[in-house]
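# Coordinates in review
Given next are the chains, with one letter for each unit.
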2 protein chains.
Amino acid sequence: MTGMLVVAGLGPGDEALITPEVAAALADATDVVGYIPYVARVPAREGLTLHATDNRVELARATHALELAAAGRRVVVVSSGDPGVFAMASAVFEAVEHSPRLADIDIRVLPGITAMLAAAARAGAPLGHDFCAINLSDNLKPWETIERRLRLAAQADFAMAFYNPRSASRPHQLARALEILRAECGPDRLIIFARAVTTPEERISVVTLAEARAEMADMRTVVLVGSAATRRVGQHVYTPRRAG
Amino acid sequence: MTGMLVVAGLGPGDEALITPEVAAALADATDVVGYIPYVARVPAREGLTLHATDNRVELARATHALELAAAGRRVVVVSSGDPGVFAMASAVFEAVEHSPRLADIDIRVLPGITAMLAAAARAGAPLGHDFCAINLSDNLKPWETIERRLRLAAQADFAMAFYNPRSASRPHQLARALEILRAECGPDRLIIFARAVTTPEERISVVTLAEARAEMADMRTVVLVGSAATRRVGQHVYTPRRAG
């Protein structure tokens, strides 16, 4: 069983942030597979079948895409941002691991602009020195693991980016994360709530940890926390290249 | 003193990874400022002045770019990868901080595909779960800070990406970093040496920490280290979305 599957990142929202490589893969596709709002970003055209599925079915979606590829279709699985950062690329490889009959499919991952980099660019350069990226959702890992990583990241003095900081089913966890950060980093540390970056609904707020409230984030927000050296200069926030 | 300055990311090397947003900024520029090999990626044209400078003069380069912008030129400072990840954006904000007379210049940062994301895409999805990015150069921070961050990152079980892993002036430090990682993560942990990703000189090697040697990296290499869960599936390496 052969075939070819592309896993592509659509970037954070603005069409001008889709790489020409991804645009070419979409132009060549017979099938596009993904979560409903991401598939909605791909214009319909003759010869292209759009397969939009709901959230939390990543593994089934990945298996379906691999099966279409095995049947000879030119399939692109779309993610927002970068497919390798808390997105569909891992789910595709998990699906291959679970289905040895799909192991011969040629899989290509095409990078994209992930939300934290677009958010950082809008704010200035808050990730300008060593940093980490943490998925705050405990759908697929214990909350204790997240708390432990937050503490160690603070002790390492990383700047931090949080994906999936808050959802309707997990309203209290960002509040707990902010508590931990205040204890580890103090009240004056800068934190950026970047919502719907590069879309018409974009909203960027820069506050201190003392001022931060969990309600400042929703499902469309990426949260950036500065290191001890992160500071404001004019309208921007940046982390210097030099570190203690 | 007003003016406008764009800081743009050219991605890892392949022209097909330059975003349309960055391409439009370059098409509109009167002046492009940057490190010699990055400026060399911008085609010459009438009306465009290219200002290529040597490495390790980031602050002077940034100040020069701001002064050109203040004089009414349309200036783009180019970085490889993403300008906000171990690149020119922080240097530009540092220059503003040091020169209050340049504070009114409107600065826009345009994100790009940073090397670790291009390298991860080529390898599969090794950064598919929580991860960190560390600059292994001790030009601007004490080596002890780097060792401490490596140990804490290993204890947090982050996947890791290392920028500037090795240079002629720092030949021994990656060897020391590998020693620390072997002690913290054990010999079987996967490590990826990704050289000149997306260029004709691209070379990707996946080995274990036991097999890793500092000589596998040079100035054009980004190094990715898996988490405890990172594994091979066929030709690829990926980190599952689920974590302990």
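Since the model is a prediction, treat every value here as computed from it, not as a measurement.

Residues and elements named next belong to chain B. With mixed pairing, the three strands of this open sheet are ordered in space as 6-13-12. Single-partner strands in this sheet number two, and they are strand 6 (124–125) and strand 12 (231–233). The pairing of strand 12 with strand 13 (residues 236–238) spans three bridges and is antiparallel. Residue pairing for strand 13: Val233 is matched across the bridge by His236.

This brings us to the nonpolar core. Ranked by internal contacts, the top residues of the largest apolar core, which has 56 residues, are A:Leu150, A:Met160, A:Phe162, A:Ile191, B:Phe162 and B:Ile191. Residues within four places of A:Leu150 in sequence aside, it is in contact with A:Ile134, A:Leu136, A:Met160, A:Phe162, A:Ala177 and A:Ile180. Within the second largest apolar cluster, 46 residues are counted, among which are A:Met116, A:Tyr163, B:Val197 and B:Leu224.

Expressed as a screw transformation, the operator carrying chain B onto chain A has a rotation angle of 180° and an axial translation of 0.0 Å, and the superposed copies differ by an RMSD of 0.0 Å. With respect to symmetry, the two chain copies, as superposed, fit the operation of a two-fold axis. Closest approach to the rotation axis among the C-alpha atoms of chain B is made by B:Cys132, whose C-alpha sits 1.9 Å away. Taken together, the interface assignments show that 100% of the residues at the interface of chain B recur at the interface of chain A, consistent with an identical surface on both copies.

So, on to helix 3 (residues 58–70) of chain A. Residue and element names in this part refer to chain A. Here helix 3 is 13 residues long and its end C-alpha atoms lie 18 Å apart, about the 18 Å a rise of 1.5 Å per residue gives. Of the residues making up helix 3, those classed as buried are Arg61, Ala62, Thr63, Ala65, Leu66, Leu68 and Ala69. Contacts from the buried residues of helix 3 go to strand 1 (4–9), strand 2 (31–35), strand 3 (49–53), strand 4 (74–79), helix 4 (88–98) and strand 5 (106–110).

So, on to the pattern of salt bridges. Tallied over the entire structure, the rule returns 34 salt bridges over all chains. Between A:Asp130 and B:Lys141 there is a salt bridge; the shortest N-O distance is 2.4 Å. Within this pair, whereas A:Asp130 is found in the loop between strand 6 (124–125) and strand 7 (131–135), its partner B:Lys141 is found in the loop between strand 7 (131–135) and helix 6 (143–155), the two belonging to separate chains. Just as A:Asp130 is buried, B:Lys141 falls in that class too. B:Arg220 is paired through a salt bridge with B:Glu201; the nearest N and O atoms lie 3.5 Å apart. Taken together, the positions of B:Arg220 in the loop between strand 10 (203–208) and strand 11 (221–225) and B:Glu201 in the loop between strand 9 (190–195) and strand 10 put the pair 19 residues apart, joining distant regions of the chain. With a relative accessible area of 39%, B:Glu201 lands in the partly exposed category.

Tallying each qualifying case throughout the model produces nine aromatic pairs over all chains. Seen in terms of ring centroids, A:Phe86 and B:Phe131 are 6.5 Å apart; in terms of plane orientation they differ by 35°. Their pairing is tilted. Here B:Phe131 lies in strand 7 and A:Phe86 lies in the loop between strand 4 and helix 4, a pairing that spans two chains. For the pair formed by A:Phe86 and B:Phe131, the shared burial category is buried. Ring-pair connections join several aromatic residues into one group, and the members of that group are A:Phe86, A:Tyr163 and B:Phe131.

With that settled, the discussion passes to the interface of chain B and chain A. If you look at the interface, chain B gives 66 residues, while chain A gives 66 residues. Of all residues in chain B, the largest losses of buried area upon contact with chain A belong to B:Leu140, B:Arg149 and B:Arg241, amounting jointly to 14% of the total for that side. Viewed at the interface, chain A and chain B are joined by 12 salt bridges. In this assembly, chain B and chain A are joined by 28 residue pairs in polar contact (both at pLDDT 80 or more). The greatest single-element share of the side of chain B that touches chain A, amounting to seven residues, is contributed by helix 4 (residues 88–98) of chain B.

Residues and elements named next belong to chain B. Examined against the element boundaries, Asp138 turns out to sit in the loop between strand 7 and helix 6. Dropping the residues within four chain positions of it, Asp138 is found in contact with Trp143, Ile146, Arg170 and Gln173. A polar contact is formed between the side chain of Asp138 and the side chain of Gln173, at a distance of 2.8 Å.

Of all residues in chain A, 99% have pLDDT values of 70 or greater, and the mean over the chain is 95. The ipTM, which scores confidence in the relative placement of chains, is 0.97 for this predicted complex, and the corresponding pTM is 0.97.

Rules and cut-offs
- Residues numbered from 1 in each chain as written.
- Chains lettered and ligands numbered in written order.
- Predicted model: local features only at pLDDT ≥ 70, side-chain atom pairs only at ≥ 80, totals over all residues.
- Heavy atoms only, no water.
- Pairing = 2+ DSSP bridges.
- Helix = DSSP H or I, 4+ residues; strand = E, 2+ residues; numbered from the N terminus.
- Core = buried A, V, L, I, M, F, W, Y, C linked by side-chain atoms within 4.5 Å.
- Buried < 20%, exposed > 50% of the residue type's maximum accessible area, 1.4 Å probe, protein only.
- Contact = heavy atoms within 4.5 Å.
- Least-squares fit on C-alpha atoms with pLDDT ≥ 70 in both.
- Expected span 1.5 Å × (residues − 1).
- Salt bridge = Lys/Arg side-chain N within 4 Å of Asp/Glu carboxyl O.
- Phe/Tyr/Trp six-rings, centres within 6.5 Å; stacked < 30°, edge-to-face > 60°.
- Buried area = accessible area lost by both parts, 1.4 Å probe.
- Polar contact = N/O pair within 3.5 Å; in protein donor to acceptor, adjacent residues only side chain to side chain.
- pLDDT = per-residue confidence, 0-100.

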